[in-house]
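Listed below, chain by chain, are the residues.
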Amino acid sequence: MTSNEKTQKSFAYKLGLGIIIFSLSLWLIPIITPFTPIPTKVKAGIIPGSIILAEILFWLGALLVGKEVANKFKSYLNPKKWREKGDTQKNDE
């Protein structure tokens, strides 16, 4: 692998991570939107639109970073894993 190919791969990887992080920030829009003075009809379009866009961007980023990294990242976001992690730490002490 040449240095140019490494640069291309690392750029795609960094871009994918950036897209994933941006998609996670889009999940704040449905939480904030109900508290804005925007008309209800517009809110009804913004909320599902941002959710759909966030999912599309997440999977686009997952394609760029690879399946393993995307699955690892999703496991960090799974609340079931949070509970298990805390229980194992208590048992280790």
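What counts as what
Chains are numbered independently. Their residues run from 1 in the order of the written sequence. Given that this is a predicted model, residues contribute local features only at a pLDDT of at least 70 and side-chain atom pairs are listed and counted only at 80 or more, while totals for whole chains, interfaces and linings are drawn from all residues. Think of the side-chain values as coming from all heavy atoms in the structure, minus any hydrogens and water. The helix and strand labels rest on DSSP assignments: H or I over at least four residues marks a helix, E over at least two residues marks a strand, and numbering proceeds from the N terminus. Each residue gets one of three labels from its accessible area relative to the maximum for its type: buried under 20%, exposed over 50%, partly exposed in between, using a 1.4 Å probe on protein chains only. Here, two residues are considered to be in contact whenever any of their heavy atoms come within 4.5 Å of each other. Areas reported as accessible are Shrake-Rupley estimates using a 1.4 Å probe. Residue values count occlusion only from the protein chains shown. A helix is expected to span 1.5 Å multiplied by its residue count minus one. In this analysis, rings of Phe, Tyr and Trp, with Trp reduced to its six-membered ring, are considered paired at centre separations within 6.5 Å, and the interplanar angle assigns stacked below 30 degrees, edge-to-face beyond 60, and tilted for intermediate values. A residue's pLDDT is the predictor's confidence in that residue, given on a scale from 0 to 100.

Enquirer: Sorry, what's going on with the overall build of the protein here?
Expert: Each helix and strand in the protein was counted, giving five helices and zero strands. Of the regular secondary structure in the protein, the N- to C-terminal order runs α-α-α-α-α. Counting only residues that meet the buried cut, the protein has 18% of its 93 residues in that class. Once local pairs closer than 6 in sequence are excluded, the contacts in the protein between residues at least 24 apart make up 63%. Accessible area for the protein stands at about 7400 Å²; split by element, carbon and sulfur atoms hold 67% of it.

Enquirer: What exactly am I supposed to notice about helix α3 (residues 40-65) here?
Expert: An α-helix turns once every 3.6 residues. As a result, residues three or four positions apart point the same way. Helix length check: α3, at 26 residues, gives a terminal C-alpha distance of 37 Å against a target of 38 Å (1.5 Å per residue), a fit within 8%. Among all positions in α3, only Lys43, Ser50, Ala54, Leu57, Phe58, Gly61, Ala62 and Val65 are buried.

Enquirer: Hey, could you run me through the environment of Ile19 in this one?
Expert: With respect to the helices and strands, the residue Ile19 is situated in helix α1 (residues 3-26). Residue Ile19 is classed as buried on the basis of its relative accessible area, which comes to 15%. Here the alpha-carbon distance between Ile19 and Leu57, two residues 38 residues apart in the chain, equals 6.2 Å. Beyond its immediate stretch of four places on either side in the chain, Ile19 contacts Leu57, Leu60, Gly61 and Leu64.

Enquirer: In this structure, what is going on with the packing of aromatic side chains? I would like to understand it.
Expert: The description of an aromatic ring pair uses the distance of the two centres, along with the angle that the planes make with each other. Enumeration according to the criterion identifies one aromatic pair in this entry. Between Phe58 and Trp59, the aromatic rings sit 5.2 Å apart at their centres with planes inclined by 85°, giving edge-to-face as the arrangement. Note on Phe58: relative accessible area 7%, which makes it buried.

Enquirer: Got a minute to help me understand the confidence of the model for the protein in this structure?
Expert: Parts of the model with low pLDDT should not have their predicted coordinates read in detail. Within the protein, residue pLDDT values average 82, and 81% of them lie at 70 or more. Per-element mean pLDDT across the protein ranges from 61 in helix α5 (residues 79-92) up to 94 in helix α2 (residues 29-32).

Enquirer: I would appreciate a short explanation of the side chain of Ser23 in the present structure.
Expert: With respect to the helices and strands, the residue Ser23 is situated in helix α1. Given a relative accessible area of 1%, Ser23 falls into the buried group. The contact partners of Ser23, leaving out residues within four places of it in the chain, are Ala54, Leu57 and Phe58.

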